[in-house]
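Reading the structure
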Amino acid sequence: MAVQITIPRLGWSMEEGTFAGWRKADGDAVRRGDVLFELEGEKALQEIEAVDEGTLRIEADEPAVGAVLKVGAVIGWLTAAGETWPPSVSGGSGGSTANSAAGDSAVLSDAAADVAAADGASGSPAVRRLARQLKVDLQRVRGTGRGGRVTEDDVRSAAVQQPADIVPAAGISVNVAQRSTPRARRAARMHGIELSGLQGTGNGGRIREKDVLAAVAASGTQRSARTETGRTILQGRRAVIARRMRESRDRTVPVTITRTLNADNLVGLRNQFRSAGAEPVPAWHDLIAKLTAECLVKHPLVGTRWVGDDAVLPELQSVCLGLAVDTAEGLVVPALPHVRTKSLLQLARDSRAAILRAREGRLSSADQTPAVFTISSLGGLGIDAFTPVINYPETAILGVGAIRRVPTVRDDDRIVVGQQLTLSLTFDHQVIDGAPAARFLQDLVQLLENPAAALLSAET
């Protein structure tokens, strides 16, 4: 029996995804773990692997590259050897029912034969599918394969020679789509860049993501929205971010408290890593994340997550934190799993890799592990304190400001130059009251003011 290939849910709030193209062709043999297609979810472009095996079958009305599809939508099938194809009769709503009568199977087989004849019997199923995508009439293509058989290269050559004014649903010309990578097309959609005007640097002039980003930087058109007739229309990831911000506002009762701390020892510890030649040198967020995870053990209420109408306490043996990352396409929050059980240097390596994946738009499923608490920093942009928005369904988020050199009064009344850091904690007052939140922040400040002792205690 044919196995359906559907659009998976890549994130807890994902309802639809953008189809970025097949990695296998109609008629290809597929094994478990093979990459079938690419899909853009809430955070990144991901390769979707097969969870079954068989022969890939894709119907003529397959989704176009750039099509937005609902989670659960059927886009193909895996069939067993000798299985009749097509295996179903499509209804007006896009659903299907299995064929059990021999007469129905015969009718479907005849219909499939008619389609093959109309598309040109000189091409394989993959060639006919490509011809349908590129709107090429196979009857007019001269084959260069064995016995005059039409090959995929013949179809592409014919497509290049036709007028290039055919535009698919994604708004990108078909010929351009064939000479650009899925990530390039995704970046073009997000930034409103026309691929037809770009010169590709890939093999054969293929347009790559970096070509699109270079065009964005050159034209100064880094935009997350486009304006039409006086209206601002949110698109792509910006629309996802907007929806999640509204959900956080509607489902939480946020309160923000702030606290400054003496960062002398924190700065000194990081300088010691740098002087010792540590690779990589732990970033500020690495030090803060490691100590935050330890503080959550003492204050588990701050790590509560909403599950429906229930507030669920975290599993504290292996704390997973979210790290807010600013990218060219908007804010994303990759997960940092097992923060407590990792060494500081391992955490630094993992966070650096996660940030790189986030900015390149290639987060993995592991990067979307549900976190219990998120850290967001604007210190690099000179911000001292701010009101971070809770990353629902979490119930708290920590904002990290800039570390500044300020006059500091010592216990002996001497005034010296010291380092100061401001933290902003936003919490959901439905779950966490002000006093427990303040005690969490107070204990976190103590850990950060004496980080070496706190980290040594965490290691033992």
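Structure: see above.
These remarks concern the structure in this document. (Residues numbered from 1 in each chain as written. Predicted model: local features only at pLDDT ≥ 70, side-chain atom pairs only at ≥ 80, totals over all residues. Heavy atoms only, no water.)

Right, let's talk about the overall build of the protein for a bit. When you go through the protein residue by residue, the secondary structure sums to 12 helices and 22 strands. The buried share among the 460 residues of the protein stands at 45%. Carbon and sulfur atoms form 50% of the exposed surface of the protein, whose accessible area is close to 23200 Å². (Helix = DSSP H or I, 4+ residues; strand = E, 2+ residues; numbered from the N terminus. Buried < 20%, exposed > 50% of the residue type's maximum accessible area, 1.4 Å probe, protein only. Areas by Shrake-Rupley, 256 points an atom, 1.4 Å probe, with all protein chains shown as cover.)

Side-chain pairing between opposite charges can occur once the charged atoms of the two side chains come close. Taken as a whole, this structure holds 17 salt bridges when the rule is applied. The partner of glutamate 16 in a salt bridge is lysine 70, and the shortest N-O contact between them spans 3.5 Å. One end of the pair, glutamate 16, is in strand β2 (residues 16-22); the other, lysine 70, is in strand β7 (residues 68-70), and 54 residues separate them in sequence. Looking at glutamate 16, the relative accessible area reads 39%, which means it is partly exposed. For arginine 23, the salt bridge identified is with glutamate 47, shortest N-O distance 2.8 Å. Taken together, the residues arginine 23 in the loop between β2 and β3 (29-30) and glutamate 47 in strand β5 (residues 45-49) connect sequence positions 24 residues apart. (Salt bridge = Lys/Arg side-chain N within 4 Å of Asp/Glu carboxyl O.)

With that settled, the discussion passes to the sheet that holds β3. The 4 strands lie next to each other as β1-β8-β6-β3, forming an open sheet whose pairing is antiparallel. Edge positions in the sheet fall to β1 (3-6) and β3, since each of these pairs with one other strand and no more. Bridge count for β1 against strand β8 (residues 74-79) is 4 bridges, and the pairing is antiparallel. Its bridge partner lying in β8, threonine 6 is registered against valine 74. (Pairing = 2+ DSSP bridges.)

Two elements in contact, helix α9 (residues 284-298) and helix α10 (residues 344-360), have axes separated by 10 Å at closest approach and are oriented at 120°. Considering their axes alone, α9 and α10 lie oblique with respect to each other. When you trace α9 past α10, the crossing you get is right-handed. Here α9 contributes His285, Asp286, Leu287, Ala289 and Lys290 to the contact with α10, which in turn contributes Leu344, Leu347, Ala348, Ser351 and Ile355. Of the residues contributing to the contact of α9 with α10, the split by class is 6 nonpolar, 2 polar and 2 charged. (Axes fitted to C-alpha atoms, helices over the stretch in contact; angles between N-to-C directions. Parallel < 35°, antiparallel > 145°, perpendicular 65-115°, else oblique. Left-handed = near helix turned anticlockwise from the far one by under 90°. Contact = heavy atoms within 4.5 Å. Nonpolar A, V, L, I, M, F, W, Y, C, P; charged D, E, K, R; others polar.)

Further remarks concern α9. The terminal C-alpha atoms of α9 lie 22 Å apart, and with 15 residues this matches the ideal 21 Å at 1.5 Å per residue to within 8%. When you tally the buried positions in α9, you get 11 out of 15 residues, the bulk of the element. Residues of α9 that are buried include every one of Asp286, Leu287, Ile288, Ala289, Lys290, Leu291, Thr292, Ala293, Glu294, Cys295 and Leu296, and no others. (Expected span 1.5 Å × (residues − 1).)

Scanning the entire structure with this criterion turns up 4 aromatic pairs. Between phenylalanine 19 and tryptophan 22, the aromatic rings sit 5.8 Å apart at their centres with planes inclined by 65°, giving edge-to-face as the arrangement. Here tryptophan 22 falls in the buried class, since its relative accessible area comes to 15%. An aromatic cluster is defined as three or more aromatic residues linked by ring pairs; in this entry it consists of Phe19, Trp22 and Phe37. One cation-aromatic arrangement involves arginine 270 over tryptophan 284; the distance from NZ or CZ to the ring centre is 4.8 Å. (Phe/Tyr/Trp six-rings, centres within 6.5 Å; stacked < 30°, edge-to-face > 60°. Lys NZ or Arg CZ within 6 Å of the ring centre and 35° of its normal.)

What follows covers the side chain of aspartate 34. Among the structural elements, aspartate 34 can be located in the loop between β3 and β4 (35-40). In this view, aspartate 34 contacts Lys24, Ala29, Ile48, Glu49 and Ala50; residues no more than four positions away in its chain are not counted.

In this section: the sheet that holds strand β19 (residues 335-336). Spatial ordering of the open sheet is given by β13-β22-β21-β20-β16-β19, a layout of 6 strands whose pairing is mixed. Looking at which strands have only one partner, the edges of the open sheet turn out to be β13 (254-262) and β19.

A few words on the pairing of strand β22 (residues 415-428). Most of β22 sits out of view: 10 of its 14 residues are buried. Where β13 and β22 come together, 9 bridges link them in antiparallel fashion. Each bridged residue has a counterpart across the sheet, and for threonine 256 the counterpart in β22 is threonine 426. Sheet topology places strand β21 (residues 396-409) next to β22; 12 bridges connect them, and they run antiparallel. Among the inter-strand pairings, isoleucine 397 is bridged to a residue of β22, identified as threonine 426. Hairpin connection of β21 to β22: 5 residues between the antiparallel strands, including aspartate 413 at a positive phi of 70°.

A few words now on the nonpolar core. Counting 50 residues, the largest nonpolar core has Leu321, Phe373, Leu398, Leu423 and Leu425 as the members making the most contacts within it. With 7 residues, α9 is the single largest residue contributor to this core. Excluding anything up to four places from it in sequence, leucine 398 contacts Ile288, Thr292, Phe373, Thr374, Ile375, Ser376, Pro388, Leu423, Ser424, Leu425, Leu441 and Leu444. One finds Ile5, Met14, Val30 and Phe37 within the second-largest nonpolar core, a separate group that totals 18 residues. (Core = buried A, V, L, I, M, F, W, Y, C linked by side-chain atoms within 4.5 Å.)

This part takes up the side chain of histidine 299. By the secondary structure assignment, histidine 299 is in the loop between α9 and β14 (305-307). Among the polar contacts made by the side chain of histidine 299, one reaches the side chain of aspartate 443 at a distance of 2.6 Å. Residues in contact with histidine 299, not counting those within four places in the same chain, are Pro436, Arg439, Phe440 and Asp443. (Polar contact = N/O pair within 3.5 Å; in protein donor to acceptor, adjacent residues only side chain to side chain.)

Considering the arrangement of structural elements, one finds alanine 293 in helix α9. In sequence terms alanine 293 and valine 319 are 26 residues apart; their C-alpha atoms lie 6.2 Å from each other. Leaving out residues up to four positions away in the same chain, alanine 293 has contacts with Val319, Leu321, Val339 and Arg340.

Its place among the elements puts arginine 32 in the loop between β3 and β4. The exposed category is assigned to arginine 32, whose relative accessible area is 53%. Residues arginine 32 and aspartate 52, 20 residues apart in the sequence, show an inter-C-alpha distance of 5.1 Å. Within the local environment of arginine 32, its side chain forms a polar contact with the side chain of glutamate 53, the two groups lying 3.4 Å apart.

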